[in-house]
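A closer look at the structure
Residues per chain are reported as follows:
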Amino acid sequence: QHMLEELLIHKPDDPIQFMIDHLKQNKDDAPRICVLGPPASGKTTVALWLCKRLDAVRISQETLLFKEILAVTKEAKAYKERKEKIPNALWANLIQERLSNVDCIKQGWILEGFPENQEQAWMLQSSGIIPRHVVVLYAPDTVLIERNTGKRLDPVTEEVYHTTFDWPSDPLVQQRLVKPEDLSEQEMSKKLLEYHRHFPDIFQIYHKVLKSINADQPSVDVLSQALTYVQTQPRSAAPFTPRILFCGPPGSGKSLQAALIAQKYGVVNICCGQLLKEAIAEKTKLGELVKPYVDSGYPVPDKLVMKMLAQRLNSLDCMTSGWVLSGFPRDIEQAEELQKAHLNPNR
């Protein structure tokens, strides 16, 4: 999927060679993240922090207009100087050109504040720019208006601080902080109204990869939730065969939950203890080997249990419908045996 997206973005003269080079680079796990939210919600703070943790490239309106030398930068700056709104198509061209650079391809990217509306989102998608994760920050408008008045910017690191909520402890950082061009309360209210008008359309486009995070809480919690989400692997659209493992202490209800899951989703329910009993009752070869241990009350050796499990889990119904296993493994050695047998659960 990502390779097709890259073909749309770069439109190479030799698509076959491009795909070969792409597979050699093996950068499908590179971050592709959008950080969205209303003004003063903390987008810059979250984007900068994620960039540091993921070693990705941060892209924002400021970086595109003032830190990059792109083909259409001059045209975009002209709109800015005339205090006119930069057209959505021009933003899309700027972003597409920037993402085609080697650093974004190798390290991945974090788009801060883009897309702002449905038209921008569609333009990005039609260019093959599809985020893997979308983080949306939210907070009450009253909190955002209050935050806006106390914002301070570190011109060296580009980090954002606040006179009340997030003041730096380092005196050197305190001295170099500057007050950005704050919006008046009236302008801020207008921006918030515009954001709330456009957000439902953006949500509809990205709802499958979107995570909303409450920005009105300690920044450590916001950053932790954002990092946890962007590190999750998106589920593939390919056909999926569930291999579910239920673990828990005795009496926790593993067998019952496994039976309910099997009934609801049509997967094969495998209870290790029941499997041993059935093998003994049917007098199979493995059952005959297991019987003396069960009769004497001794634990059945892991090798025998694994042979029985491997035989059952590799049967046709388990391979096609999937399975849910309970009662095994009970320790790390048994878990390692499952791995060696390539019977790894995916849930």
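Predicted model, so just to flag it, every value in this text is computed and none were measured.

Notes on the overall build of the chain
Scanning the chain from terminus to terminus reveals 18 helices and 10 strands. Its C-alpha atoms give the chain a radius of gyration of 27 Å, clearly above 20 Å, the size a compact globule of 347 residues would have. Structurally, the chain occupies a C-alpha span of about 85 × 55 × 40 Å along its principal axes. Here the chain has roughly 20500 Å² of accessible surface; of this, 55% comes from carbon and sulfur atoms. Between the centroid of the 42 positive side chains of the chain and the centroid of its 43 negative side chains there is a distance of 4 Å.

Describing unusual backbone geometry
Excluding glycine, most residues fall at negative phi; most peptide bonds, likewise, are trans. The residue after Phe-114, namely Pro-115, is reached through a cis peptide bond having omega -5°. The topology assignment puts Pro-115 in the loop between strand E3 (109-112) and helix H8 (118-126). The omega angle of the peptide bond from Phe-328 to Pro-329 is 0°, so this bond is cis rather than trans. Looking at where Pro-329 falls in the secondary structure, it is placed in the loop between strand E10 (323-326) and helix H18 (332-340). You will see that Ala-40, though not glycine, has its phi angle at about 70°, which is positive. By secondary structure assignment, the location of Ala-40 is in the loop between strand E1 (32-36) and helix H3 (43-54). The exposure class assigned to Ala-40 is buried, which follows from its relative accessible area of 16%.

Quick look at the side chain of Arg-132
Within the secondary structure, Arg-132 sits in the loop between H8 and strand E4 (133-138). For Arg-132, a relative accessible area of 13% puts it in the buried group. Within the local environment of Arg-132, its side chain forms a polar contact with the backbone oxygen of Ala-30, the two atoms lying 2.8 Å apart.

Concerning the nonpolar core
In terms of nonpolar packing, the biggest core is built from 28 residues, with Ile-59, Leu-64, Leu-94, Ile-95, Trp-109 and Leu-111 touching the most fellow members. The set of elements that each furnish at least two residues to this core consists of E1, strand E2 (57-59), helix H4 (61-66), helix H6 (88-99), E3, H8, E4 and helix H11 (185-206). Per-element tally for this core: the top contributor is H6, with 5 residues. Among all residues touching Leu-94, those that are not within four sequence positions of it are Leu-64, Leu-65, Leu-70, Val-72, Thr-73 and Ala-76.

Digging into the pairing of E10
The side chains of a regular strand alternate, residue by residue, between the two faces of the sheet. Taking every second residue as pointing to the same face, both faces of E10 are buried, with Trp-323 and Leu-325 on one and Val-324 and Ser-326 on the other. Sheet topology note: the strand E8 (residues 243-246)/E10 ladder contains 4 bridges and is parallel. By the bridge assignment, Ile-244 is partnered in E10 with Val-324. Pairing of strand E9 (residues 268-271) with E10, which is carried by 4 bridges, proceeds in the parallel orientation. The partner of Asn-269 across the bridge, within E10, is Val-324.

Details of the packing of helix H9 (residues 141-149) against H11
Between H9 and H11, the least distance of the axes is 10 Å, while the angle of their chain directions is 135°. Comparing their axes, H11 and H9 come out oblique. For the element pair H9 and H11, the recorded crossing hand is right-handed. Two secondary-structure elements touch here, H9 through Asp-141, Leu-144, Ile-145 and Asn-148 and H11 through Glu-185, Met-188, Ser-189, Leu-192 and His-196. Residue composition of the contact of H9 with H11, by class: 4 nonpolar, 3 polar and 2 charged.

So, the domain arrangement of the chain
In many reports, interface size means the accessible area that the parts give up when they come together. According to the domain assignment, the chain consists of domain 1 (31-231) and domain 2 (243-341). Centre-to-centre separation of domain 1 and domain 2, based on C-alpha positions: 50 Å.

What to know about the pairing of E4
A large share of E4 lies buried, amounting to 5 of its 6 residues. As judged from the 4 bridges shared by E1 and E4, these two strands associate in the parallel manner. Paired with Ile-33 across the strands is His-133, a residue of E4. Note: E4 against strand E7 (residues 210-214), 5 bridges, orientation parallel. Within E7, the position partnered with Leu-137 by the bridge is Ile-213.

Remarks on the side chain of Arg-147
Counting through the fold element by element, Arg-147 comes out in helix H9. Polar side-chain contacts of Arg-147 include one of 3.3 Å to the backbone oxygen of Ser-41.

Some words on the state of the cysteines
Evaluated as defined, the whole model comprises 0 disulfides. Of all cysteine sulfurs in the structure, the one in Cys-104 sits closest to Cys-51, which takes part in no disulfide; the separation is 9.7 Å. Free of any disulfide, Cys-271 has its nearest neighbouring cysteine sulfur in Cys-272, separated by 7.2 Å. In this structure Cys-271 comes out as partly exposed when scored by relative accessible area, which is 25%.

Observations concerning the packing of aromatic side chains
Under the counting rule described, the total for this entry stands at 3 aromatic pairs. Each member of the aromatic cluster is reached from another via a ring pair, and the members are Tyr-195, Phe-199 and Phe-203.

Cut-offs and rules
- Residues numbered from 1 in each chain as written.
- Predicted model: local features only at pLDDT ≥ 70, side-chain atom pairs only at ≥ 80, totals over all residues.
- Heavy atoms only, no water.
- Helix = DSSP H or I, 4+ residues; strand = E, 2+ residues; numbered from the N terminus.
- Rg over C-alpha atoms; globule rule 2.2 N^0.38 Å.
- Areas by Shrake-Rupley, 256 points an atom, 1.4 Å probe, with all protein chains shown as cover.
- Lys, Arg positive; Asp, Glu negative; His and termini not counted.
- Charge placed at Lys NZ, Arg CZ, Asp CG, Glu CD.
- Buried < 20%, exposed > 50% of the residue type's maximum accessible area, 1.4 Å probe, protein only.
- Polar contact = N/O pair within 3.5 Å; in protein donor to acceptor, adjacent residues only side chain to side chain.
- Core = buried A, V, L, I, M, F, W, Y, C linked by side-chain atoms within 4.5 Å.
- Contact = heavy atoms within 4.5 Å.
- Pairing = 2+ DSSP bridges.
- Axes fitted to C-alpha atoms, helices over the stretch in contact; angles between N-to-C directions.
- Parallel < 35°, antiparallel > 145°, perpendicular 65-115°, else oblique.
- Left-handed = near helix turned anticlockwise from the far one by under 90°.
- Nonpolar A, V, L, I, M, F, W, Y, C, P; charged D, E, K, R; others polar.
- Domains from an automatic or database assignment.
- Disulfide = S-S within 2.5 Å.
- Phe/Tyr/Trp six-rings, centres within 6.5 Å; stacked < 30°, edge-to-face > 60°.

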